[in-house]
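Next come the chains, spelled out residue by residue.
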Amino acid sequence: MKRKDLLSLAPLSVDEITLMLDTADSFKEVTGREIKKVPALRGKTVVNLFFEPSTRTRTSFELAAKRLSADVINFAPSSSSVVKGETLLDTARNIEAMQADIIVLRHSSAGAAETLAHGVKSSVINAGDGWHEHPTQALLDLYTIRQRGMSFRGLRVAIVGDVSHSRVARSNIYALVKLGAEVRLVGPPTMMPWGVEKLGTKVYSNMDEGLRDVNVIMMLRLQLERQGRAQFPSIREYSRLYGLTAERVRLADSAAIVMHPGPINRGVEIAPDVADSLSSVILDQVANGVAVRMGILYLMSGANA
Amino acid sequence: MNQPSDRKDEKLIMDVGDIARALTRIAHEILERNKGVKDLALVGIRTGGVYLAHRLAKRIHGIEGVQIPIGELDITLYRDDLALRKNQPILRKTSVPFDMADKVVVLVDDVLFTGRTIRAAMDGLMDLGRPEEIQLAVLVDRGHRQLPIKANYIGKNLPTAREEQVQVLLEEDGENDRVVILRAG
């Protein structure tokens, strides 16, 4: 891996994505052992710099780094005290002065990871920047799909929900299109970014049409806390039009899997019986997240040698 | 050793027959030393050692009529030079699908050189379980140890200069079975 940072999936080649998935596969074996720890990153320091609250992603990165024997520091400046740009870089330089090898950054501004990567020598891994990208989440989604024995070429994937505010969706779109999948975006027109068809996707405002014969249903979280309710009249209406029910799952391929990046809003974007059904791989995604992040930390760890 | 080498800059050390005979002898030595196949297992070090472990297991099956368990070990994560490398080596999979407790595990590798790979392999094995005993079988021992490590079973002792390269080429990789020294330059 020739890269110092993992900021976005958009510029990665198919070979690079495949290498990351293959590497994750080796770490999946490690996470299945009785002693789930290897000495690969002994003596390295990983800093989780989270400007937005996130338990799941931070814990996943923390566990991944610890299982590689790295030292981990969690740094969570309160988001109110931070006003982008300068302050972000200053914070990061302070962390760098403590000799961090890898900085894992979560930030509410798109491009924050990119800015940071230019400003510091440490490797930077983007753990979500605004509405831009969340590359490690998409990689673990891809890994979970591949784990189910599906190949990407010709795979029909429906991404359902608020695409325009979803960094998870954006990373998945870039990667899936690159890998040759047919990507359908399903949601109300108010939640579709302008010109998203140009990325090689098809847009459906009717969920039943969008789900027909798909192999993968990727639900997005309705971020009730984030963007208010300007895009739809009521949660009930949204849920009726774009909630995933067992009847709707039946429109998809009979072996289709249901994914969700979590945390799920039960009864809003996904019905409880669907979330708990056999076709749901939501908990596999969480489990695979650690192996995928171990792989990425491993691949990035050589950059500053 | 009258089979011509494939390339000009390589010197043939063992040919297909030499390798086969050495492995047969090692299989017998393993059985003799351990008094049969009871609690015996082989673990090959990726990638050459894995092929050799399978060949040894086949011979042991031929002699004793028993298929002994085989594991495959990738030592990458245990290398002592990981922190120094710019490009991390490609990871392959480790698979030891049996319980090592109370087993005599024979590590198998193609070339024994500095001993660092074997150190890494032993650490890797210990993380996977607690074998009763670890032994080491190699096709070629070329000397220049940097750690106090010694093989129990050796196909061929090969005195070399430090800068020379010893390669074990095997049919499983689409080569003609042979061991060669590559001349530098």
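Residues numbered from 1 in each chain as written. Chains lettered and ligands numbered in written order. Predicted model: local features only at pLDDT ≥ 70, side-chain atom pairs only at ≥ 80, totals over all residues.

**Considering the nonpolar core**
All names here are of chain A. Ranked by size, the top nonpolar core spans 146 residues in total, and within it Ile159, Val160, Ile217 and Leu297 carry the most contacts. No other element matches the ten residues that helix α11 (residues 282–300) contributes to this core. The two domains that each donate at least three residues to this core are domain 1 (14–132 + 286–300) and domain 2 (149–280). Look past the residues within four positions of Ile217 in its chain and what remains in contact with it is Ala158, Val160, Leu211, Leu244, Val249, Ala252, Ala256, Val258 and Met259. (Core = buried A, V, L, I, M, F, W, Y, C linked by C-beta atoms within 7 Å. Buried ≥ 20, exposed ≤ 12 C-beta atoms within 10 Å, placed from the backbone. Helix = DSSP H or I, 4+ residues; strand = E, 2+ residues; numbered from the N terminus. Domains from an automatic or database assignment. Contact = placed C-beta atoms within 7 Å.)

**Thoughts on the interface of chain A and chain B**
Many structure descriptions define interface size as the accessible area lost when the parts assemble. If you look at the interface, chain A gives 16 residues, while chain B gives 16 residues. Those elements that provide at least two residues to the side of chain A that touches chain B are α1 (14–31) and α11 of chain A. The element best represented in the side of chain A that touches chain B is α1 of chain A, accounting for four residues. Of the residues contributing to the side of chain A that touches chain B, the split by class is eight nonpolar, five polar and three charged. (Nonpolar A, V, L, I, M, F, W, Y, C, P; charged D, E, K, R; others polar.)

**Here's the deal with the domain arrangement of chain A**
All names here are of chain A. According to the domain assignment, chain A contains domain 1 (14–132 + 286–300) and domain 2 (149–280). Computed over C-alpha atoms only, the centres of domain 1 and domain 2 are separated by 27 Å. On the side of domain 2, seven residues touch domain 1, which itself brings nine residues to the contact. Of all elements in the fold, only α1 and β4 (123–129) reach the threshold of two or more residues within the side of domain 1 that touches domain 2. Of the residues assigned to the side of domain 1 that touches domain 2, the class counts are four nonpolar, three polar and two charged.

**Topic: the packing of α1 of chain A against α11 of chain A**
Residues and elements named next belong to chain A. Running from N to C, α1 and α11 cross one another at 120°; their axes reach a closest spacing of 7 Å. Comparing their axes, α11 and α1 come out oblique. Like other packed secondary-structure pairs, α1 and α11 cross with a definite hand, here right-handed. Judged by residue contacts, Met20, Thr23, Ala24, Phe27, Lys28 and Thr31 of α1 engage Val290, Ala291, Val292, Met294, Gly295, Ile296, Tyr298 and Leu299 from α11. Broken down by class, the residue content of the contact of α1 with α11 amounts to ten nonpolar, three polar and one charged. (Axes fitted to C-alpha atoms, helices over the stretch in contact; angles between N-to-C directions. Parallel < 35°, antiparallel > 145°, perpendicular 65-115°, else oblique. Left-handed = near helix turned anticlockwise from the far one by under 90°.)

**Quick word on unusual backbone geometry**
Trans is the common state for peptide bonds, and a negative phi is the common state for residues other than glycine. Geometrically, the link from Gly262 of chain A to Pro263 of chain A is a cis peptide bond, its omega value of -10° lying close to zero. Note that Pro263 of chain A resides in the loop between β9 (257–259) and α10 (272–275). Note the cis peptide between Arg46 of chain B and Thr47 of chain B, where omega equals -5°. Within the secondary structure, Thr47 of chain B is located in the loop between β2 (40–45) and α2 (48–64).

**A word on the sheet that holds strand β4 (residues 104–112) of chain B**
All names here are of chain B. One open sheet accounts for five strands, arranged β3-β2-β4-β5-β6; its pairing is parallel. Looking at the sheet topology across the chains shown, the edges are occupied by β3 (70–73) and β6 (153–157). The average undirected angle you get between the axes of adjacent strands in this sheet is 25°. Here β2 runs beside β4; their pairing, made up of five bridges, is parallel. Bridging from a neighbouring strand, Ala41 pairs with Val105 of β4. Where helix α1 (residues 16–33) meets the sheet, it contacts β4, β5 (133–141) and β6, and its direction lies at approximately 150° from that of β6. (Pairing = 2+ DSSP bridges.)

**A look at the confidence of the model for chain B**
Detailed reading of the predicted coordinates is not advisable wherever pLDDT falls low. Residue and element names in this part refer to chain B. Of all residues in chain B, 95% attain a pLDDT of 70 or more, and the chain-wide mean is 93. Within the model, the stretch residues 1–5 combines pLDDT values under 50 with seven contacts to residues more than four positions away or in other chains. Predicted as a complex, the structure gets a pTM of 0.90 and an ipTM equal to 0.83. (pLDDT = per-residue confidence, 0-100.)

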